[in-house]
Amino acid sequence: MNSVTLTRQTEDFSVFDIDRVRADFPILQLKVNGKPLIYLDNAASCQMPQPVIDRLVRYQTTQHANINRAVHYLSEVATMEYDSARRKLQQFVNAREDREIIFTSGTTDSINLVMHGYGRKFIKTGDEIILTTLEHHSNIVPWQMLAKEKGAIIRVVPINDQGELDIDEYEKLFNERTKFVGLIHVSNALGTINPIQRMIKFAHRFSVPVLIDGAQAAPHMALDVQALDCDFYVFSAHKLCGPTGVGILYGKATLLEAMQPFKGGGDMITSVTFEETIYNTIPHKFEAGTPPIAAAIGFGAAIDYLTNIGLDHIAAYEQTLLEYATATLSEIPGLRIIGTAAEKTAVISFILDGIHPHDIGTILNQDGIAVRTGHHCAQPVMQRFKVPATSRASFAFYNRKTEIDALAAGIRTVQKVFL
Ligand code: PMP
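## Examining the site of the ligand
Okay, step 1: In the vicinity of the ligand, the contacting residues are Thr107, Thr108, His136, Ser138, Ile184, Asn188, Asp213, Ala215, Gln216, Ser236, His238 and Lys239.
Okay, step 2: Between Thr107 and the ligand, the recorded distance is 3.5 Å, taken from a backbone N or O atom to an oxygen atom.
Okay, step 3: Taken by itself the ligand offers 400 Å² of open surface, and the protein chains cover 84% of this.
Okay, step 4: For the shell around the ligand, the residue count by class is two nonpolar, eight polar and two charged.

Structure follows, in C-alpha cells:
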C-alpha cells in the first residue's frame, strides 16, 4: 500500500505533505554521530520507502521462485510479477511495447549492452562517436573500449562556464562518418539538464542513433521516450527509490532486434545445439541467466510509489529546493558553485576556497550531513573547471528547507575549523 497522499496543505512551498512523505522513509529517522541524518547524496543513491521495502519482503516471503522455467505455482507467480514490473517500466517511460524494456543490472550494464550489442556489430574503422564533456565515466569508457577495438574516433561536445553544452559545436561535429551519439540527460556532477530533444532531432537528420543516459533524469522528471524519439534510454532503480542491482535499457524494438546479444546463456535462446544456437526474441535475447527478479519487482513498486506522488509534483518541489539552496549557499563567502546552468535539477556542486572537498565531507559527516565529495565519476567535467574534486549536495523530494539551512551552518563550521 502506498502511504503517500497528495494534499494541498503544504509546508511552505511544498505541493505535497512533506511530513507524510518523510514518514515513508524509515532511514530518515536515523541518527548519525548523535545528529539526525541529513541525507544529501541522492544523486549517488536515493533512499527506499516502506512500500518498496514491504514489496521486497512480500516477494521473498510468499512469491519467490525462478522465472520462465517451470509450471509450478511459485514460478508462475514470480514470472507474472516480473513481467508486470516490466510493464510498469514501459508505462513509466511511455515505451510503445513492453518488449522494448530490457532489465539489466543498472545504467552501466545497459550502456555496456548497447556498446556490445549495437556498437560492436555496427561501428567500423574510422566511424565517429559523439559524446559530451558532461558524460559520466560509464558513458565514456565503454565507447573508448569500442573505439580502441574498432579504430573508431570519439568526438566530444564542449561545455561553457555555466556547465551547459555548446549546441552549435555539437551540430558542427556531425558528418557522414558520425555513427552514434551518447548523451547524458542530466549531469550528475553539475545538475545541468541538456536539451536532448533538440539534439536527438538533429542526430536523426544524419540517421544517427542516440543513447540517452537518464540515470539522473528519470528520478526527477516525467519521461516520454516516444516524444523524445531517443533510440536508447537507460537508468538504474537505486536512484528512483528502488533496489540496487537492477536498471533498464529502453530501446526501439527495430534496433534491439537488429543487435547481437551481449551475454550468452539460459533464457536468451530458443534452441541450442553444438552446431547452431537460435536466439530468443526481445527482450529475452538480452536477459541471459536468472535476472534480478526480486530487484525488478521492487523496481516496479518504486515506480508505483513515485507515480503516485507524481513526477511533475516531485520536479516542482525539487526546483524550490534548488532555488532555496542556491540562494542560501551563495551567501557564504568563499563558496563557489560549480555548474550554474539555466536548466538544472536539484544538485549543487561547490568548492570552498582553501579547503579540500574531502575535509568538507568529513566535517559535515560529524553533523550527520551526507554529501558526496570527489570527481563524481565525471573527471572531464572536473578538468574543464580545473578542480580536482567538488562537494556535491544532491536533493530528493523528501528533503526540506531546514536541511539546507543545516548544510549552510555546517559549511560555515567547516570554514571556522580550517580557515
Ligand atoms: N550515469 C549517470 C549520469 C550517473 O549518475 C550514474 C550513477 N552515478 C551512472 C551513469 C552509473 O549508474 P550505475 O552505477 O547505477 O550503473
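## What about the packing of helix 4 (residues 107-122) against helix 5 (residues 141-150)?
Okay, step 1: Relative to each other, helix 4 and helix 5 sit at 25°, their axes nearing to 9 Å. In terms of orientation, helix 4 and helix 5 fall into the roughly parallel class. In this structure, helix 4 crosses over helix 5, and the sense of that crossing is right-handed. Contacts between helix 4 and helix 5 involve Ile111, Asn112, Val114, Met115, Gly119 and Arg120 on the former and, on the latter, Pro142, Trp143, Met145, Leu146, Glu149 and Lys150.
Okay, step 2: Its residues placed into classes, the contact of helix 4 with helix 5 shows seven nonpolar, two polar and three charged.

## Here we look at the domain arrangement of the chain
Okay, step 1: Splitting the chain by domain gives domain 1 (3-49 + 310-414) and domain 2 (55-307).
Okay, step 2: The C-alpha centroid of domain 2 is placed 27 Å from the C-alpha centroid of domain 1.
Okay, step 3: Contact residues are listed per partner, giving 40 residues for domain 1 and 36 residues for domain 2.
Okay, step 4: Roughly 3,000 Å² is buried in total at the junction of domain 1 and domain 2, and carbon and sulfur atoms are behind 59% of that figure.
Okay, step 5: The largest contributions to the domain 1 side of the interface with domain 2 come from Leu311, Thr345 and Arg384, which together make up 20% of the buried area.
Okay, step 6: Applying the counting criterion to the domain 1 and domain 2 interface returns one salt bridge.
Okay, step 7: Scanning the region where domain 1 abuts domain 2 turns up 24 residue pairs in polar contact (both at pLDDT 80 or more).
Okay, step 8: Counting only elements with at least two residues in the side of domain 1 that touches domain 2, the list comes to helix 11 (311-330), strand 14 (347-352) and helix 13 (379-384).

What counts and what doesn't
- Residues numbered from 1 in each chain as written.
- Predicted model: local features only at pLDDT ≥ 70, side-chain atom pairs only at ≥ 80, totals over all residues.
- Heavy atoms only, no water.
- Near = heavy atom within 4 Å.
- Polar contact = N/O pair within 3.5 Å; in protein donor to acceptor, adjacent residues only side chain to side chain.
- Areas by Shrake-Rupley, 256 points an atom, 1.4 Å probe, with all protein chains shown as cover.
- Nonpolar A, V, L, I, M, F, W, Y, C, P; charged D, E, K, R; others polar.
- Axes fitted to C-alpha atoms, helices over the stretch in contact; angles between N-to-C directions.
- Helix = DSSP H or I, 4+ residues; strand = E, 2+ residues; numbered from the N terminus.
- Parallel < 35°, antiparallel > 145°, perpendicular 65-115°, else oblique.
- Left-handed = near helix turned anticlockwise from the far one by under 90°.
- Contact = heavy atoms within 4.5 Å.
- Domains from an automatic or database assignment.
- Buried area = accessible area lost by both parts, 1.4 Å probe.
- Salt bridge = Lys/Arg side-chain N within 4 Å of Asp/Glu carboxyl O.

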